[in-house]
Amino acid sequence: MSFLIVPVTSRGSLSKAVESQIEEAIRLKVLTAGVRLPTELELSKQFQVSRTAVREALRVLSAKGLITIVKGKGIFVRDLSSSIATDSIDLYLHLQGARNYALDVVQARQIIEPPIAASAALYHTKDDAERLEKDFDDHNRSQGDYSELARLDMTFHLDIARASENFLIPLLLEPIHKLMPQIKLSVYAAGADSKALAVKWHRKILDAILRRDAEAAQQAMTRHLAIALQQVEQMLKHPEGGSTMNSVERSEKRSANRN
């Protein structure tokens, strides 16, 4: 790797200059997954900086998910995955989220997910269809606790994003969905019929996707997320839950009567 290294002469942060050179080599795929980097001492000699500067650069690269440091074995370029991108955004959203970020999360989903459902209807593959059917069945049949229901619920939605066959869509949506489990857990705990409502609308969305009806898929997702927003609003007003019929259930009954 020595031919890649330019000795650092910047007046700025020496560790930042080292970090930038190594990151650029990884971005350009000059350094590929699994490649072993020189030791700290070797890097410090080649970059002509202190081991402290090299150590700080490696710490930052490791935090970014670009390298992994294995004690006793060395420093290796990581196999890059979507989680590297989504985990960083997820952490930022958690740290920056307002107290009632639940409403922001669901409202963002209302903007983003209906068109995704339409794209999934148009472009899904046979494998996508089989995966979505399994997701639906797993959620429908689950006798697990609220945490398990929340996880299965979100898996269904993320697989719809993957079924859009646009690789950017899951990357954009996954960090938002990583904020959902605690919200969903609270919603399931607060409403006796929350799972039944989710299953009902998941089935409508899935059926529309499978018959490649983009308009129906988008409309079903729009309605599903409108109900989700009502559930969150009620959960925030009455976090202790309750067994009485809530506004979401009444809305569903009115909708059923109209149909």
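Above this text you will find the structure in question.
Residues numbered from 1 in each chain as written. Predicted model: local features only at pLDDT ≥ 70, side-chain atom pairs only at ≥ 80, totals over all residues. Heavy atoms only, no water.

## A look at the overall build of the protein
When its secondary structure is counted, the protein shows 12 helices and 3 strands. A burial count over the protein gives 42% of its 259 residues as buried. Taking as baseline every contact in the protein between residues at least 6 positions apart, the subset at least 24 positions apart corresponds to 71%. With an accessible surface of roughly 14,400 Å², the protein has 53% of that area assigned to carbon and sulfur atoms. (Helix = DSSP H or I, 4+ residues; strand = E, 2+ residues; numbered from the N terminus. Buried < 20%, exposed > 50% of the residue type's maximum accessible area, 1.4 Å probe, protein only. Contact = heavy atoms within 4.5 Å. Areas by Shrake-Rupley, 256 points an atom, 1.4 Å probe, with all protein chains shown as cover.)

## Overview of unusual backbone geometry
Keep in mind that most residues, glycine aside, have a negative phi and that most peptide bonds are trans. Positive phi is not limited to glycine here, since lysine 29 has a value of about 65°. Relative to the helices and strands, lysine 29 resides in the loop between α1 (14-27) and β1 (36-37). Non-glycine residue glutamine 48 carries a positive phi angle of around 60°. Along the chain, glutamine 48 turns up in the loop between α2 (40-47) and α3 (51-63).

## Quick word on the packing of helix α7 (residues 146-163) against helix α9 (residues 180-190)
How two helices pack is summed up by the angle between their axes together with the distance between the axes. Two elements in contact, α7 and α9, have axes separated by 8 Å at closest approach and are oriented at 125°. Relative to α9, the element α7 lies oblique. The way α7 lies across α9 gives a crossing that is right-handed. Note on element contacts: α9 touches α7 through Met180, Pro181, Lys184, Leu185, Tyr188 and Ala189, opposite Tyr146, Ser147, Leu149, Ala150, Asp153 and Met154. Per-class residue counts for the contact of α7 with α9 are 9 nonpolar, 1 polar and 2 charged. (Axes fitted to C-alpha atoms, helices over the stretch in contact; angles between N-to-C directions. Parallel < 35°, antiparallel > 145°, perpendicular 65-115°, else oblique. Left-handed = near helix turned anticlockwise from the far one by under 90°. Nonpolar A, V, L, I, M, F, W, Y, C, P; charged D, E, K, R; others polar.)

## Regarding the sheet that holds strand β3 (residues 74-77)
The strand order across the open sheet formed by 3 strands is β1-β3-β2, and the pairing between neighbours is antiparallel. Both edges of this open sheet fall to β1 and β2 (67-70), since each of them pairs with a single strand only. Where β1 meets β3, 2 bridges bridge the pair, whose relative direction is antiparallel. Following the sheet pairing, arginine 36 is matched in β3 by phenylalanine 76. (Pairing = 2+ DSSP bridges.)

## Quick word on the nonpolar core
Counting residues in hydrophobic clusters, the biggest one holds 27 residues, and the most contacted among them are Leu132, Phe156, Ile160, Ile205, Ile209, Ala217 and Met221. Going through the elements one at a time, α5 (101-123), α6 (126-141), α7, α10 (194-210) and α11 (214-237) are the ones with two or more residues in this core. With sequence-adjacent residues up to four places away left out, leucine 132 is seen in contact with Phe156, Asp159, Ile160, Ala163, Leu206 and Ile209. (Core = buried A, V, L, I, M, F, W, Y, C linked by side-chain atoms within 4.5 Å.)

## Looking at the layout of surface pockets
Gaps left between atoms show up when a probe the size of a water molecule is rolled over them. The space that makes up the largest pocket amounts to roughly 180 Å³. Around the largest pocket, the lining comprises 15 residues; the ones closest to its centre are Pro38, Thr39, Glu40, Gly74 and Ile75. Broken down by secondary-structure element, the contributors of at least two residues to the lining of the largest pocket are β1, α2, α3, β2 and β3. In the lining of the largest pocket, the residues fall into 7 nonpolar, 3 polar and 5 charged. (1 Å grid on protein atoms, 1.4 Å probe; cavity = no way out; pocket = protein on both sides within 12 Å on 5 of 7 lines; lining within 4 Å. Points joined across faces, edges and corners; volume = space filled by probe spheres on them.)

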